[in-house]
Amino acid sequence: MKKKKIGVYICHCGGNISDYVDVEKVRQAVEGEDIVFLAKTTMFACSDANQREMVNDIEANGLTSVVVASCSPKLHLLTFRNVSQRANLNKYTYVHANIREQASWAHSDNKIGATEKAIHLVKAAIAKANYAEALESNKVKAQKSVAIIGAGVAGMKAAISLSNKDCEVILIEKEPFVGGRVAQWNSLSTTTETGKEIVKRLYDDLITRDNITICTNSEVISNKGSVGNFTLKIKTTPRYIRQSFHPEDLTRAIEVCPVSVPDEFNFRLTQRKAIYKNYPGEYPQTPVIDIKNCTRCGACEKVCPAVDFNEKEEITEITVGSVLMATGFDPYTPGYGEFGYATSENVITLPQFKRLIDEQSGTLVYKGKVIKNIAYIYCVGSRQTKGDNTYCSRNCCTSTIHAAVTAKSKFPDINNFHFNRGLRTYGKQEILYADSLRSGDIYLQSYEDGLPTVTIEGNKTIVKINDILTNGKEIEVEADLVVLVTGMVPRADNKVGTLFKLPKGRDKFYNEIHMKLRPVETVIDGVTIAGACQGPKNIAESVNSALSAATKSYSIISKGELESEPLVAIIDQDKCTWCGACEKACPFDAILKVEDKGKIVAEINNSVCKGCGMCAPVCEPDAINVTACSSTEIMSMIDTLV
Amino acid sequence: MEESLKSICYDALVIGAGIAGGEAALNLANTGYKVLLVDKELSVGGKMIMLSKVFPTLDCAACITTPKVSEISRHPNITIFTGSEVSNIRKLSDNEFAAKVTKKPRYVHVEDCTACQLCEKACPTSVRDQYQFGLIGRKAAFIPFSICSPKAAAIDIDNCTLCGACERACPTHCIDFTMETETIELHVKTIIVATGFNLFDPNNMPRYGYGKFKNVITAMQMEREIAPTRPYHTILRPGDGKVPDRIAYVLCVGSRDASVGNPICSQICCMYSIKQAQLLMGALPMADVTIYYINIRSFGKGFEEFYQQAKGMGVNFVKGKIGRISEKENGNLILRYEDINKGKLQEAEHDMVILSTGVLPNKGIDGLFENETLYLDEFSFVGQSDKLASPAKTSIGGVFVAGAATGPMDIPDSILSAGAASSEAISYIIQHA
Ligand SMILES: Cc1cc2nc3c(=O)[nH]c(=O)nc-3n(C[C@H](O)[C@H](O)[C@H](O)COP(=O)(O)OP(=O)(O)OC[C@H]3O[C@@H](n4cnc5c(N)ncnc54)[C@H](O)[C@@H]3O)c2cc1C
Ligand SMILES: Cc1cc2nc3c(=O)[nH]c(=O)nc-3n(C[C@H](O)[C@H](O)[C@H](O)COP(=O)(O)OP(=O)(O)OC[C@H]3O[C@@H](n4cnc5c(N)ncnc54)[C@H](O)[C@@H]3O)c2cc1C
Ligand code: SF4
Ligand code: SF4
């Protein structure tokens, strides 16, 4: 082996490292090592100026490998690999040492110890660099197509954006109709357009495009492969109604259907038939038969020839380069008795209230009673101190005030009482709050330790609060209607997230790679997240994230070819005895059972293997090595550490 | 001055190189488009590069901004003009805009400058440092700040006495007083406006004593005091250099206040104040930190938890609007406020006060356009023509907007907005090819 010439850079990280680790001492400790050609300290290793200096050093001195001791490799492994590459070094010869999270931050109470540990970590990295080999990355062909899961505003906007970029799109929606939640809203805050109009506008655009395939009533049921080539199976449940139909026949068919089930579109405020459409202008325009609730009585078939119970479930297989997840949210369902929910006739949720005021005109009536006093109780299911939902749902304050203002202009006799926990009409939405105050709405506030109470006395519903805005005075309102401002929670059905192994955050929404800088990418290469499935958002915010995700998905596949990491497991098939332990340990199904020279052995599927190394330690005969983490490299590191 | 006239072509022009403009430029460049990124300042990075740590992750801002900046400045598809302004934008057709770019002289040849700082040492003239928000001074020959990009000196010609000391001190002879303003004629297919925001000037609110009482500073100044590249290397109050131990934050300064002409909420100041409070509690374990607020707006992902964490650490939250601030002889400050919970007027003494100033529009962006009108919204932010369904579209086809130029926005929202603007711009180029 030719003797290595290693360059070592030790970063101050402004002060993040050098406040606790004596970086100069670290430098001196490694400077004398035989294979270390140069050792330097730097204020910010990642700064442009230092990167240039590193390139110069490598080229001028013919360094064979570089070690940077700085922050977590999650932040900067790629940065410095790229530096090596720019200086014509194989980028896999680069070795990273983390002395910020692992030394300075972990031991901020012990400067001497932190320095000592940093020295060990850097020495171990140097030992690894001594054995680091040049590797070539694999090239994979990437499909220039994207599957979008969920056709709410986020999914629809992402589809249009990708279609504009000449990219093939398959838009998969599990409901029979597109639009997601926005189709359920009429009037919206900060615009005169209704939710249904926005959905119509987007749908009209979608269907003019040859490169978008819309699959409604469809779900992804399996996923194989990885970035560049995801092979998905899509199950499509039939509508049981042929596309060419006579509208009058169908109206008749809906009339004669004897089944009545709670209407989820109206949040169970009303009932619907088994053959249905949620609203007249809904897309696609063909109604659907809800086969789970249909009794097959055949009444509809008799009046409408377009009904066809012979339509069959279909399974389609597609291969796409990237997957964009836009499955949205569920409104929080309050627990039994939570602020009188389900125990009082007069208690409903915000989404129900929105549907209610949309459906009515003249006077506001609920369950036969004319409504005058409305109490809104904020933060139900959000900002919990007892439950799991510690987060704020971001847009319910604005949505509630908007609904209250809308209701008041439609039904001028009502009085609005807002039992809130500090209003969050951030940004320009503040204007709406001012409007509501001007129209005479009353605001009462408490903290988390003094939440309002709802009591039922006969057919009266009383909401009580110790209002902090009036010096803690107890105030009660006899409410004809109590509206629980329910927040956003992740979709209850997460089968599709599990298929892609998408990680979730503390709030159980899908988690991004980096909250600040990479909010639409996930740790699963090639899978992006958009809209409210990543966390509560209003429409504009959902669209921004959808277009961002579309851009990221597009930039992954637009070149038609991908570089994949050469970090994979390698099996020494002579040593392998096929015990199957590795197959069980692998989280990515990358291990195949094959026959080689008359012997059953394990083989690695390189395009799926992530090089995570889970298989190596379970292999009894020690037949597995992982590139860039070979036993020689790891042992040499351990030797310097102990 | 004689102007040289050159003409250049790019696919896209991005005006403003803050985090929004930078992200938008990268998205375009990574998809193969040639981008010209123009910023009027001497460095790219906008406000973010000046911050300490960022809420709610407490990532060090410099550590996450510099690699972005470095990616931008190295990208083969991105050309950067700092110290430059765009004007006279004309739409010639659906896929062609013309504009004038004015490159002000830096009086330093950036390629040759090694940032050795010898010119700084030699320069006899000291002025207030705008990049440290006036906390300390700098020379007239200076490197803007330690992590600036490009990392090169510049001559502040307005304050320079032309003594020539820097020129003599410079070992690479890169200082050149003969540099002139360059005017370049630019042709592009699409434009992204990412000109960011301005901060409310608390001098417009005399009752808080900013500018008069030395120990009343702004949150941006506090960002600099707690940044890793901080000017004093510790936290102290500017009046007498004492380490403060009773610190107050005044929220909504210049926001939610029709009397100063800004009725909207600035969306970021609650959170950045909570962040600073946490950092101060870490740096000065003995200090008391009190936040005076109207409502705490911790609405984003992880924000409410961050607020609760601050409470748990012992940050004192008081619901009340500050009426006025007065100064004691020892430099301490008396805050008069209405304590909402107690329902009465109160006074409290603090030894340092931080004003959490709000977000204002960067006015006059519409003036850059010549033959078409860029509409502004009622608050003078860049107007959105399809607010909900296409938030990045403006009143001019082919011109898109990103980041805080459309309204108050934190970093993740700026990144998403930049993603949307670049997506629209890419679609626009392809559709109008
Ligand atoms: C009461 C209330 C009022 C609101 N008012 C406003 C307002 O006035 N203004 C405003 O801007 N915003 C408002 N919003 C927010 C708005 O509803 C959301 O921003 C928006 O719905 C988010 O869009 P999305 O596409 O991310 O998710 P969704 O609208 O939830 O759409 C997701 C789609 O994905 C589908 N899906 C889910 N799982 C799967 C799967 N496994 N396979 C296939 N498809 C799947 C769903 O069926 C759905 O069609 C309000 C929200 C609430 C709760
Ligand atoms: C004190 C403080 C603390 C903060 N802390 C946080 C935090 O912890 N976390 C967080 O998420 N957010 C934080 N923010 C918010 C964050 O700064 C903004 O979200 C972000 O800077 C917005 O980026 P931008 O690119 O849109 O605008 P800017 O950062 O304002 O960038 C705009 C750029 O455009 C340039 N420009 C302007 N006009 C022109 C022109 N005419 N020609 C050429 N160039 C021009 C400017 O020089 C600037 O470089 C904080 C803000 C403040 C004030
Ligand atoms: S947006 Fe308002 S109502 Fe919704 S959780 Fe946050 S504070 Fe509560
Ligand atoms: S974010 Fe907070 S401090 Fe800033 S204006 Fe809004 S309420 Fe006031």
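**Q** An account of the overall build of chain B is needed here, citing residue identities and associated values.
**A** Regarding its fold elements, chain B presents eight helices and 25 strands. Projecting the C-alpha coordinates of chain B onto the three principal axes gives extents of approximately 65 × 60 × 35 Å. A burial count over chain B gives 63% of its 433 residues as buried. Taken as two groups, the 43 positive and 47 negative side-chain charges of chain B have centres that lie 6 Å from each other.

**Q** Go over the state of the cysteines, please, and point to the residues and values.
**A** Under the definition given, this model contains one disulfide over all chains. Between C609 of chain A, a free cysteine, and C615 of chain A, which holds the nearest cysteine sulfur, the sulfur-to-sulfur gap is 6.5 Å. On the accessibility criterion, C609 of chain A (14% relative accessible area) is buried. For the unlinked cysteine C163 of chain B, the closest cysteine sulfur is that of C123 of chain B, found at 6.2 Å. For C163 of chain B, a relative accessible area of 39% corresponds to the partly exposed category.

**Q** Hey, could you go over the domain arrangement of chain B for me, with residue numbers and the actual values?
**A** All names here are of chain B. We note that the domain assignment places domain 1 (9-104 + 181-196 + 362-431), domain 2 (110-158) and domain 3 (200-359) within chain B. The straight-line distance from the C-alpha centre of domain 2 to that of domain 3 is 30 Å. Domain 2 puts six residues into the contact, and the matching count from domain 3 is seven residues. Between domain 2 and domain 3 lies a buried interface of about 700 Å² when both sides are counted; carbon and sulfur atoms form 68% of it. The largest per-residue losses of area from domain 2 upon contact with domain 3 belong to Q132, F133 and L135, which jointly make up 74% of the total buried on that side. At the boundary of domain 2 with domain 3, the tally comes to zero salt bridges. A class-by-class count of the residues in the side of domain 2 that touches domain 3 yields four nonpolar, two polar and no charged.

**Q** So, helix α11 (residues 396-410) of chain A: which residues are in play, and what are the values?
**A** Residues and elements named next belong to chain A. Between its terminal C-alpha atoms α11 stretches 20 Å, which fits the 21 Å expected from 15 residues at 1.5 Å a residue. Counting buried positions along α11 gives 12 out of 15 residues, so the element sits mostly inside the fold. Considered for burial, the residues of α11 that qualify are C396, C397, T398, S399, T400, I401, H402, A403, A404, T406, A407 and K408. Looking at the buried side of α11, the elements it contacts are α10 (350-359), β21 (373-380), β22 (415-420), α12 (430-438), β23 (442-445) and β27 (481-486).

**Q** Any details on the domain arrangement of chain A? Residues and values, ideally.
**A** Partitioning chain A into structural domains gives domain 1 (6-131), domain 2 (145-237 + 313-328 + 491-557), domain 3 (247-303), domain 4 (330-489) and domain 5 (565-626). With centres defined by C-alpha atoms, the gap from domain 1 of chain A to domain 3 of chain A works out at 67 Å.

**Q** Pulling in residues and values, what's your account of the side chain of H76 of chain A?
**A** Relative to the helices and strands, H76 of chain A is located in helix α3 (residues 73-86). Look past the residues within four positions of H76 of chain A in its chain and what remains in contact with it is C46, C71 and H96 of chain A together with C63 and P67 of chain B.

**Q** Describe in detail unusual backbone geometry, supporting the description with residues and values.
**A** Between Y283 of chain A and P284 of chain A the backbone carries a cis peptide bond, its omega angle lying at -15 degrees. Note that P284 of chain A resides in the loop between β13 (275-276) and β14 (288-289). A cis amide bond links F55 of chain B to the next residue, P56 of chain B, at an omega of -10 degrees. As for its position among the elements, P56 of chain B is in the loop between β4 (53-54) and β5 (59-60).

**Q** Please provide a residue-by-residue account of the confidence of the model for chain B, values included.
**A** Summary statistics for chain B give a mean pLDDT of 95 and a share of 99% for residues scoring 70 or more. Interface confidence for the predicted complex, expressed as ipTM, amounts to 0.95; the pTM equals 0.93.

**Q** Tell me about the interface of chain B and chain A, and name the residues and values.
**A** Interfaces are often sized by the accessible area lost when the parts come together. At the interface, 80 residues of chain B touch 74 residues of chain A. Overall, the association of chain B and chain A removes approximately 6100 Å² of surface from exposure, summing both partners, and the carbon and sulfur fraction of that is 55%. It is F299, K301 and L388 of chain B in chain B that bury the most area against chain A; as a group they hold 13% of the surface buried on that side. Remark: the boundary between chain B and chain A carries 11 salt bridges. For R201 of chain A, the salt bridge goes to D386 of chain B, with nearest N and O atoms at 2.8 Å. Between the two partners, chain B and chain A, sit 41 residue pairs in polar contact (both at pLDDT 80 or more). For the side of chain B that touches chain A, the elements supplying multiple residues, two or more each, are α1 (19-30), β4, β5, α2 (61-74), α7 (303-313) and α8 (411-431) of chain B. Ranked by the residues each element gives to the side of chain B that touches chain A, the list is headed by α8 of chain B, at 15 residues.

**Q** Tell me about the sheet that holds β22 of chain A, and please be specific about residues and values.
**A** Residues and elements named next belong to chain A. With parallel pairing, five strands are arranged side by side in an open sheet as β18-β27-β21-β22-β23. The open sheet is flanked by β18 (347-349) and β23, the only strands paired with a single partner. Mean inter-strand twist for the sheet, computed between neighbouring axes without regard to direction, equals 25 degrees. Sheet topology places β22 next to β23; four bridges connect them, and they run parallel.

**Q** Account for the site of ligand 4, naming residues and giving values.
**A** Residue and element names in this part refer to chain B. The immediate surroundings of ligand 4 are formed by L251, C252, S255, R256, C265, S266, Q267, I268, C269, C270, N295 and R297. Sorting the residues of the shell around ligand 4 by element identifies β17 (246-253) and α6 (269-283) as the ones contributing at least two each. Its residues assigned to classes, the shell around ligand 4 shows six nonpolar, four polar and two charged.

**Q** Now, about the packing of α10 of chain A against α11 of chain A: what can you tell me, with residues and values included?
**A** All names here are of chain A. Relative orientation of the contacting elements α10 and α11 amounts to 25 degrees, with a least axis distance of 11 Å. What the angle tells us is that α10 and α11 run roughly parallel. When you trace α10 past α11, the crossing you get is left-handed. In this structure, α10 uses L350, F353, K354, I357 and D358 to contact α11, whose residues at the interface are C396, S399, T400, H402, A403, T406, A407 and K410.

**Q** Report on the pattern of salt bridges, specifying residues and quantitative values.
**A** Residues and elements named next belong to chain A. Taken as a whole and assessed by the stated rule, the structure comprises 57 salt bridges over all chains. For the salt bridge of K200 with D204, the shortest nitrogen-to-oxygen distance reads 2.8 Å. Here D204 and K200 lie together in helix α7 (residues 195-206), a separation of four residues that amounts to about one turn. For D204, a relative accessible area of 30% corresponds to the partly exposed category. In this structure, K495 engages D493 in a salt bridge whose closest nitrogen and oxygen atoms are separated by 3.5 Å. It is possible to trace a salt-bridge network through shared partners that takes in E24, R27 and E31.

**Q** Provide a residue-level description of the packing of aromatic side chains, including the pertinent values.
**A** All names here are of chain A. Enumeration according to the criterion identifies 19 aromatic pairs over all chains in this entry. For the ring pair F80 and Y94, a centre distance of 5.9 Å and an interplane angle of 40 degrees mean the geometry is tilted. Of this pair, F80 sits in helix α3 while Y94 sits in the loop between α3 and β4 (95-98); the two residues are 14 residues apart in sequence, bridging distant segments of the chain. A residue is classified by how much of its surface remains accessible, and Y94, at 5% relative accessible area, is buried. Consider the rings of Y433 and Y443, whose centres lie 5.1 Å apart with planes at 70 degrees: the pair is edge-to-face.

**Q** Break down the environment of N538 of chain A for me, with residues and values.
**A** Residues and elements named next belong to chain A. Here N538 shows up in the loop between β29 (527-529) and α14 (539-557). It is 6.1 Å that separates the C-alpha atoms of N538 and N395, two residues lying 143 residues apart in sequence. Not counting the four nearest positions on each side in its chain, N538 is found in contact with N395, Y426 and Q429. From its side chain, N538 meets the backbone nitrogen of A540 in a polar contact 3.3 Å long.

**Q** Summarise a nonpolar patch on the surface; cite the residues concerned and give the values.
**A** Taken together, the side chains of I634, M635, I638, L641 and V642 of chain A define a hydrophobic patch exposed on the protein surface, amounting to about 460 Å² of accessible area. Following the sequence through the fold, I638 of chain A ends up in helix α16 (residues 631-641).

Conventions we followed
- Residues numbered from 1 in each chain as written.
- Chains lettered and ligands numbered in written order.
- Predicted model: local features only at pLDDT ≥ 70, side-chain atom pairs only at ≥ 80, totals over all residues.
- Heavy atoms only, no water.
- Helix = DSSP H or I, 4+ residues; strand = E, 2+ residues; numbered from the N terminus.
- Buried < 20%, exposed > 50% of the residue type's maximum accessible area, 1.4 Å probe, protein only.
- Lys, Arg positive; Asp, Glu negative; His and termini not counted.
- Charge placed at Lys NZ, Arg CZ, Asp CG, Glu CD.
- Disulfide = S-S within 2.5 Å.
- Domains from an automatic or database assignment.
- Contact = heavy atoms within 4.5 Å.
- Buried area = accessible area lost by both parts, 1.4 Å probe.
- Salt bridge = Lys/Arg side-chain N within 4 Å of Asp/Glu carboxyl O.
- Nonpolar A, V, L, I, M, F, W, Y, C, P; charged D, E, K, R; others polar.
- Expected span 1.5 Å × (residues − 1).
- pLDDT = per-residue confidence, 0-100.
- Polar contact = N/O pair within 3.5 Å; in protein donor to acceptor, adjacent residues only side chain to side chain.
- Pairing = 2+ DSSP bridges.
- Axes fitted to C-alpha atoms, helices over the stretch in contact; angles between N-to-C directions.
- Near = heavy atom within 4 Å.
- Parallel < 35°, antiparallel > 145°, perpendicular 65-115°, else oblique.
- Left-handed = near helix turned anticlockwise from the far one by under 90°.
- Phe/Tyr/Trp six-rings, centres within 6.5 Å; stacked < 30°, edge-to-face > 60°.
- Patch = residues over 30% accessible without salt bridge, like charges linked within 9 Å, V, L, I, M, F, W, Y side chains within 5 Å.
- Areas by Shrake-Rupley, 256 points an atom, 1.4 Å probe, with all protein chains shown as cover.

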